[in-house]
Amino acid sequence: RSSSLPMHERFRKIKLGLRAFSFQMKETKQRNLIIDLYKILLAVFVVFIHFPNSKFSADWVAIFRLAIPGFAAITGFYIFKKDLSYEEKLKRAKIFMVKSLKYFGFAVVFAFISQLIYTWIAGVPTVEGLKSFGFEIAPFLWKTRPALQVGTTFFQLWYFQGLVFVAAVYLLLVWLKVDVAMFALPLLSIPIYWVQKKWPLTQNFNYQVLYRNSWFMILPSFAGGWIAAHFKEIKFKLYVYAILIAALGGLIYLQIYLNRLCPIEMTFIAVIIASIIILLLDRIPKFYCKPFYWIFGTHFYAIVFIIHVFVGCVLITKFNFNPYVNSGLFILYVFLTTLVLTQLYHLLKLGVKITKQKLNKEEVN
């Protein structure tokens, strides 16, 4: 018995190691690879929004503007689940709120660190980097845009602020048992949108952009995805798919046409487009590719979304690289940086898991 114990311990360690190596497989089996690829495409759209190439026509810009509605519609689509009790819906809404706050907190910490690094690379006083950081995270505190010696490297912080805002609205509606109001949010946003354009809440243009995007891009798109989710369990006949695809093509053309007439950051057509796309993509049978998730993980799109401005600013400042011209090469640099961060994240997560297993083992012994 004494001689068999070491063998048993060795086997147990090997087993724990194999479990740790495949720690994300259980999660990825539940994922839809097509939708994860779609998220990466949307992240690329965001990159092109912030670093537009002069070769991109206005029509392509209209397509790129589907990125944020696309992300928000995905969130709304998967937060809905049929036949939930009030307690279950409230629990899901609270989890969504907590996760939104967590994502926002992580984004703020990363933005703060990246801004200090970029300030050091740009060779300006640290206080200037902090001033720029303060303006980006709370532009409503400034009556006019301050004179900044260094730009910000995290324009997308507004998205996480908007996500918290949407999560709070959804939690309130669920708590009050009036989440059915989600059906009216996309249409209700239209008159409110035009009212705020005529009588804005603030004269600070940057804050106008912040709450406009948060309220009138993320919120109606989230609601549109939530509405689309009501149809995901309905079995469509083939002609319905043909109608939806034809309608999608017409709406995309309408998005392009409206952008030619009035090039604004969001048109409400994008809300409908994003909702139909996620509904159709969710109909594709789920399958996963182990090598894909080993290499890219499950948050590749999110890391691209967060770091691309930082990478672009560093390339411009330190390496005299123009991401506005070399778009393909710039995407490659962003992807390579993201891959490195993804693998570091995997190693960190693996280390935490192994450490927890060792601590649990010591407690048992």
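As a reminder, the structure under discussion sits directly above these lines.
Residues numbered from 1 in each chain as written. Predicted model: local features only at pLDDT ≥ 70, side-chain atom pairs only at ≥ 80, totals over all residues. Heavy atoms only, no water.

**A look at the nonpolar core**
Part 1 of the argument: Among the nonpolar cores identified, the biggest contains 93 residues, and Ile68, Phe71, Tyr159, Tyr170, Met182, Phe305 and Phe330 are the most heavily contacted of them.
Part 2 of the argument: For this core, the element with the highest residue contribution is helix α14 (residues 300-319), accounting for 13 residues.
Part 3 of the argument: With residues up to four places along the chain from it excluded, the contact list for Phe330 reads Val47, Phe51, His308, Val311, Gly312, Leu315, Phe321 and Pro323. (Core = buried A, V, L, I, M, F, W, Y, C linked by side-chain atoms within 4.5 Å. Buried < 20%, exposed > 50% of the residue type's maximum accessible area, 1.4 Å probe, protein only. Helix = DSSP H or I, 4+ residues; strand = E, 2+ residues; numbered from the N terminus. Contact = heavy atoms within 4.5 Å.)

**Here we look at the layout of surface pockets**
Part 1 of the argument: Counted as a void, the largest pocket has a volume near 1700 Å³.
Part 2 of the argument: What lines the largest pocket is a set of 36 residues, among which Arg31, Lys39, Tyr103, His299 and Tyr301 lie closest to the centre.
Part 3 of the argument: Counting residues per element, the lining of the largest pocket draws most heavily on helix α6 (residues 86-122), at 8 residues.
Part 4 of the argument: Grouping the constituent residues of the lining of the largest pocket by class yields 23 nonpolar, 5 polar and 8 charged. (1 Å grid on protein atoms, 1.4 Å probe; cavity = no way out; pocket = protein on both sides within 12 Å on 5 of 7 lines; lining within 4 Å. Points joined across faces, edges and corners; volume = space filled by probe spheres on them. Nonpolar A, V, L, I, M, F, W, Y, C, P; charged D, E, K, R; others polar.)

**Details of unusual backbone geometry**
Part 1 of the argument: Of note, Asp83 is a non-glycine position whose phi angle comes to about 60 degrees, a positive value.
Part 2 of the argument: Looking at the secondary structure, you find Asp83 in the loop between α5 (67-79) and α6.
Part 3 of the argument: You will see that Lys177, though not glycine, has its phi angle at about 60 degrees, which is positive.
Part 4 of the argument: Mapped onto the fold, Lys177 is located in the loop between α8 (157-175) and α9 (185-198).

**Examining the packing of aromatic side chains**
Part 1 of the argument: Inspection of the entire model under this criterion finds 25 aromatic pairs.
Part 2 of the argument: Between Phe56 and Phe64 the ring centres are 5.2 Å apart and the planes differ by 75 degrees, which places this aromatic pair in the edge-to-face class.
Part 3 of the argument: The exposure class of Phe56 is partly exposed, given its relative accessible area of 23%.
Part 4 of the argument: Assessed through its relative accessible area of 4%, Phe64 is described here as buried.
Part 5 of the argument: Seen in terms of ring centroids, Phe160 and Phe305 are 6.0 Å apart; in terms of plane orientation they differ by 70 degrees. Their pairing is edge-to-face. Here the residue Phe160 occupies a position in helix α8, and Phe305 occupies one in helix α14, the gap between them amounting to 145 residues. (Phe/Tyr/Trp six-rings, centres within 6.5 Å; stacked < 30°, edge-to-face > 60°.)

**Focus: empty space enclosed by the protein**
Part 1 of the argument: Counted under the stated rule, the structure contains 5 cavities of 30 Å³ or more.
Part 2 of the argument: Looking at the second largest cavity, its volume works out to about 50 Å³.
Part 3 of the argument: Lining the second largest cavity, in full, are Asp36, Ile40, Phe292, Phe296, Gly297, Thr298, His299, Phe300 and Tyr301.
Part 4 of the argument: Only α3 (33-50), α13 (290-296) and α14 provide two or more residues apiece to the lining of the second largest cavity.
Part 5 of the argument: Each residue belonging to the lining of the second largest cavity can be placed in one class, and the counts come to 5 nonpolar, 3 polar and 1 charged.

**Observations regarding α6**
Part 1 of the argument: For α6, spanning 37 residues, the distance from its first C-alpha to its last is 53 Å, which sits close to the expected 54 Å at 1.5 Å a residue.
Part 2 of the argument: Leu90, Ala93, Phe96, Met97, Ser100, Ala107, Val108, Ala111, Ser114, Gln115, Tyr118 and Thr119 are the residues of α6 that are buried. (Expected span 1.5 Å × (residues − 1).)

**Considerations on the packing of α3 against α5**
Part 1 of the argument: Put simply, α3 and α5 touch, their axes get as near as 8 Å, and they point 150 degrees apart. Viewed along their axes, α3 and α5 adopt a mutual orientation that is roughly antiparallel. Once α3 is placed against α5, the crossing between them reads as left-handed. From α3, Ile35, Tyr38, Lys39, Leu42, Ala43, Phe45, Val46 and Ile49 reach across to α5, where they touch Ala67, Ile68, Gly70, Phe71, Ile74 and Tyr78.
Part 2 of the argument: Among the residues making up the contact of α3 with α5, the classes are represented as 12 nonpolar, 1 polar and 1 charged. (Axes fitted to C-alpha atoms, helices over the stretch in contact; angles between N-to-C directions. Parallel < 35°, antiparallel > 145°, perpendicular 65-115°, else oblique. Left-handed = near helix turned anticlockwise from the far one by under 90°.)

**Comments concerning the pattern of salt bridges**
Part 1 of the argument: Evaluated as defined, the whole model comprises 3 salt bridges.
Part 2 of the argument: The salt bridge involving Lys89 is made with Asp179; its shortest N-O contact spans 3.3 Å. Of this pair, Lys89 sits in helix α6 while Asp179 sits in the loop between α8 and α9; the two residues are 90 residues apart in sequence, bridging distant segments of the chain.
Part 3 of the argument: Note on Asp179: relative accessible area 11%, which makes it buried.
Part 4 of the argument: Taking the shortest distance from any N to any O, the salt bridge between Lys131 and Glu128 comes out at 3.8 Å. One end of the pair is Lys131 and the other is Glu128, both in helix α7 (residues 126-137) and 3 residues apart, which spans about a single turn. (Salt bridge = Lys/Arg side-chain N within 4 Å of Asp/Glu carboxyl O.)

**Some details on the side chain of Gln115**
Part 1 of the argument: Mapped onto the elements of the fold, Gln115 is located in helix α6.
Part 2 of the argument: Not counting chain neighbours up to four residues away, the residues in contact with Gln115 comprise Gly129, Ser132, Phe133, Val150, Gly151, Thr152, Thr153 and Phe154.

**Focus: the packing of α3 against helix α12 (residues 268-282)**
Part 1 of the argument: Put simply, α3 and α12 touch, their axes get as near as 9 Å, and they point 150 degrees apart. With respect to α12, the element α3 is oriented roughly antiparallel. Crossing handedness for the pair α3 and α12: right-handed. Across from Ile34, Ile35 and Tyr38 in α3, the residues of α12 making contact are Ile277, Ile278, Leu281 and Asp282.
Part 2 of the argument: Taken together, the residues of the contact of α3 with α12 sort by class into 6 nonpolar, no polar and 1 charged.

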